[in-house]
Structures are given as structure tokens and as C-alpha cells.
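Close look at the chain arrangement
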Amino acid sequence: MRFFVCRYLAYGLMGFLIFSCSAFAGTPPKNDSPDYAGQSAWIFLPQIMDKPVDLFFMHPTTYFDTTDGYNVSLANKEVSAASKAVASHQSGFFADHCNIFAPYYRQASMAVLEKPEQERDAYLKLGLKDYKAAFAYYLKYYNQGRILAGHSQGSNLTLWAMKEGAIPLENVIAAYIIGWSVTRTDLDALDMPLAVKPDQTGCIISWNTIGDKAKSPVIVKGALVVNPLT
């Protein structure tokens, strides 16, 4: 069984939004857990497996306010529609070759990134819980030694999931952690190297892009990068 695990935050798409945060002191919803055994918890859940590989796709952040609190409710039809539209557009590049699996998850609002790390993580980890549940369901019922990939807020979620053993690292071909910070501490914890050549396997690939003079809350001191242009 071989995996290609790819999660990255599309910060270039949303890093320059200007917004004001309300004083809402929301808490993560507790009774809104998605049931991944049901079709409604998935943007894409193929019933016919007619492609040679799978794409496990985590859509980018599409929740930018705090209408539902700091985590979106899966009953929010507007955000769900936006998530489906973005997932359709971005994963469509792989449609000719992949069976696409794309779960909904209780993503954190963009406003969460401006919070202190410990406070922020409480909201981001709700998405981690959903990611792990969706991945476990996919792995149990669908994966047959195929390829996994994805996109978005899941860069941070992927690091957590890998560290917590939710992804069997011995089967990872490459982990694309784009738009989030990967440090030497992360590499040591996972016992995985940063990629240094294009045909390398069992490695992590990571970089961030921001505008001139812009500041990013997801770039931390000691962040490592691979030059995507080479």
C-alpha cells in the first residue's frame, strides 16, 4: 500500500484578505460531527472506482467570517457550496486519472489565524479530528494501494496527523505541506527529510508564498522550504 499525501494551505489565494474580527467568543461546535459513512459528509465519494489511482482531497479554506463561530457548521449551505466549487475546480486537474475523494470538514475561520497559538489550535484541531475520521474511513473502505493527495488548511492538519500516527509513514511517497511552516523539529519528530531532488521519495515538500512586504501568520521562525521553481 503506497500513499501520496498532499495537504497545503492556499495562502497565496487568501493571505491578502483584509477583514475585521468581531468580538464573538465562539467555541468549537460539539454536536456537528460529520458521519463519513454517509454521502452527505463528502463533496466527492465515487461509487465507481474506474481510475488507476485515488486523490484524497482536502479543500482550501472557504470560511472567512464567524457566522457559525470560529468553526463552520456543516449545515452552512453557502460555505458548503463554496467548498464544493473550489474542490471541483482544483481537483479537476486530476479527474481524468484519479478517483476523487473529498470530505467536508469543520474548517476554522480565517479569523482564527490571528489568535495566539494555543487558542488557535483548539479550533484548527476540530478540523484535524474530522480529517482523521474521513481518512480512516477512506482507508478502511476504499483504499486499495492507491495514491492520496489533497489541498488546503490541511497542511497543518497533515503534520499533526502524521505525528499522531494517523498516516502510516512507511507508505508515504511524499508529503506536500504547502503554505504552512515545516521546521527541523517537525522533520526530526517524523524522521523524514526535506526533499532535495525531484525524484526523491519518503520526504516532505514545503514552501510559502506571500506578497512584497506582506506578513503571514503561518510562517514561523525556522521554517524550511524547497524551491518549487527548480
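Residues numbered from 1 in each chain as written. Predicted model: local features only at pLDDT ≥ 70, side-chain atom pairs only at ≥ 80, totals over all residues. Heavy atoms only, no water.

Regarding helix α3 (residues 117-141)
For α3, which comprises 25 residues, the first-to-last C-alpha distance of 35 Å matches the rise-based estimate of 36 Å (1.5 Å per residue) to within 8%. The sharpest bend along α3 measures roughly 30° and falls at Tyr123. (Helix = DSSP H or I, 4+ residues; strand = E, 2+ residues; numbered from the N terminus. Expected span 1.5 Å × (residues − 1). Bend = angle between axes of the 7 residues up to and from the residue.)

Side note on the nonpolar core
By size, the foremost hydrophobic cluster in this structure holds 46 residues, and its most contacted members are Trp42, Phe56, Tyr131 and Ile204. Of all elements in the fold, only α3, α4 (154-163), β5 (172-178), α5 (184-190) and β6 (203-205) reach the threshold of two or more residues within this core. Of all the elements, α3 adds the most residues to this core, at 8 residues. Membership of the second largest hydrophobic core comes to 9 residues, among which are Cys98, Ile100, Ala102 and Tyr104. (Core = buried A, V, L, I, M, F, W, Y, C linked by side-chain atoms within 4.5 Å. Buried < 20%, exposed > 50% of the residue type's maximum accessible area, 1.4 Å probe, protein only.)

As for the packing of α3 against α4
Look at α3 against α4: their axes get within 9 Å of each other, and the N-to-C directions meet at 70°. Classified by the interaxial angle, the pair formed by α3 and α4 is roughly perpendicular. By crossing handedness, the relation of α3 to α4 is classed as right-handed. Seen from α3, the contacting residues are Asp121, Leu124, Lys125, Gly127, Leu128, Tyr131 and Lys132; seen from α4, they are Asn156, Leu157, Thr158, Trp160 and Ala161. Broken down by class, the residue content of the contact of α3 with α4 amounts to 6 nonpolar, 3 polar and 3 charged. (Axes fitted to C-alpha atoms, helices over the stretch in contact; angles between N-to-C directions. Parallel < 35°, antiparallel > 145°, perpendicular 65-115°, else oblique. Left-handed = near helix turned anticlockwise from the far one by under 90°. Contact = heavy atoms within 4.5 Å. Nonpolar A, V, L, I, M, F, W, Y, C, P; charged D, E, K, R; others polar.)

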